[in-house]
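What follows is each chain in one-letter form.
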Amino acid sequence: MAAEYNRITLPRGSQVYIANCRGTAIAKGALLEDYTLSLSSDFGQLVDTGANTAFDMLGGALKSLSGNRFGFSSQFKQMGFQIWKGTHPIQFQFSLEFHYTYNAREEVVIPIRKLIELPLPGESTVIPGNLIPPGPSVIEALTGSNASNTPMPSSAAVVEGVSEESLDSFVNITIGGMQFLGCIVTGAEPTYSKFVDEHNCPIYGRVALTAITMYSATKGTVRDAMG
């Protein structure tokens, strides 16, 4: 019933689905505001121009002695030619809100708790105090075992029956008609309502999330996300 209510009242562009690396739903929330994607590459000079200082000083002295008629340097404008050094992953920030309709714990507290766990390390049960880092492992990165082949769950599967399995690797994020596969949540800022239900659970909450894609962005990444 709750799933039907959310599907009817939320416009598709405002629906956000987040599933873990196994394809199991973590949370479904309403987009609080517009979101922005950050895509960028680094460029640098073709040649390092920091060498041959003495040669440049000599050329400057000759220019001064000749009344600006003669002079030279070790630099050429072609040395400043900009070449690609690397591309960053896609970074995006968005905020989700969660409302109480029938059960504040199930609809507000638990979804937000699962989301704010994503950027945090776990703690080993074998070696007390040893932290297990969040995000994908080096093996996953080297073998390419990302979420590219993991389908997003249906909207009905997101609201009910979410299991308490490990969420510390990577996630699939669908925002409206866009789908971002293999993402790492790097930050989460929850805000809870001061109003609570009979079980002292807040009846409203929102969480601001920052996420990046696991790999550097490419033209194919953008095409896949936007369809």
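Rules and cut-offs
- Residues numbered from 1 in each chain as written.
- Predicted model: local features only at pLDDT ≥ 70, side-chain atom pairs only at ≥ 80, totals over all residues.
- Heavy atoms only, no water.
- Buried < 20%, exposed > 50% of the residue type's maximum accessible area, 1.4 Å probe, protein only.
- Helix = DSSP H or I, 4+ residues; strand = E, 2+ residues; numbered from the N terminus.
- Pairing = 2+ DSSP bridges.
- Salt bridge = Lys/Arg side-chain N within 4 Å of Asp/Glu carboxyl O.
- Polar contact = N/O pair within 3.5 Å; in protein donor to acceptor, adjacent residues only side chain to side chain.
- Contact = heavy atoms within 4.5 Å.

A. How the structure looks around the pairing of strand β11 (residues 204-213). Across the 10 residues that make up β11, a large majority, 7, are buried. The pairing of strand β10 (residues 178-192) with β11 spans 9 bridges and is antiparallel. Its bridge partner being in β11, Tyr 192 is matched across the sheet by Gly 205.

B. Examining the pattern of salt bridges more closely. Enumeration according to the criterion identifies 1 salt bridge in this entry. Across the pair Arg 113 and Glu 117 runs a salt bridge whose closest N-O atoms are separated by 3.4 Å. Taken together, the positions of Arg 113 and Glu 117, both in helix α3 (residues 104-117) and 4 residues apart, correspond to about one turn of that helix.

C. The arrangement of the pairing of strand β2 (residues 25-31) in detail. Of all the 7 residues making up β2, 7 are buried; the element is thus mostly covered by neighbouring parts of the structure. When strand β1 (residues 15-20) meets β2, the two strands line up antiparallel, connected through 5 bridges. Paired with Gln 15 across the two strands is Ala 30, which belongs to β2. From the end of β1 to the start of β2, which pair antiparallel, there are 4 residues, and Gly 23 there has a positive phi angle of about 85°. Both β2 and strand β6 (residues 91-99) contribute to a ladder of 2 bridges, which runs antiparallel. Paired with Leu 31 across the bridge in β6 is Leu 96.

D. Representation of the side chain of Ser 193 in the model. Secondary-structure assignment places Ser 193 in the loop between β10 and β11. From its side chain, Ser 193 meets the backbone nitrogen of Phe 195 in a polar contact 3.0 Å long. Look past the residues within four positions of Ser 193 in its chain and what remains in contact with it is Pro 202, Ile 203 and Tyr 204.

E. Geometry of unusual backbone geometry. Of note, the phi angle at Asn 200 is positive, near 65°, even though the residue is not glycine. Secondary-structure assignment places Asn 200 in the loop between β10 and β11. Residue class for Asn 200 comes out exposed when judged on its relative accessible area of 61%.

Function cannot be inferred from these measures alone, as they are strictly geometric.
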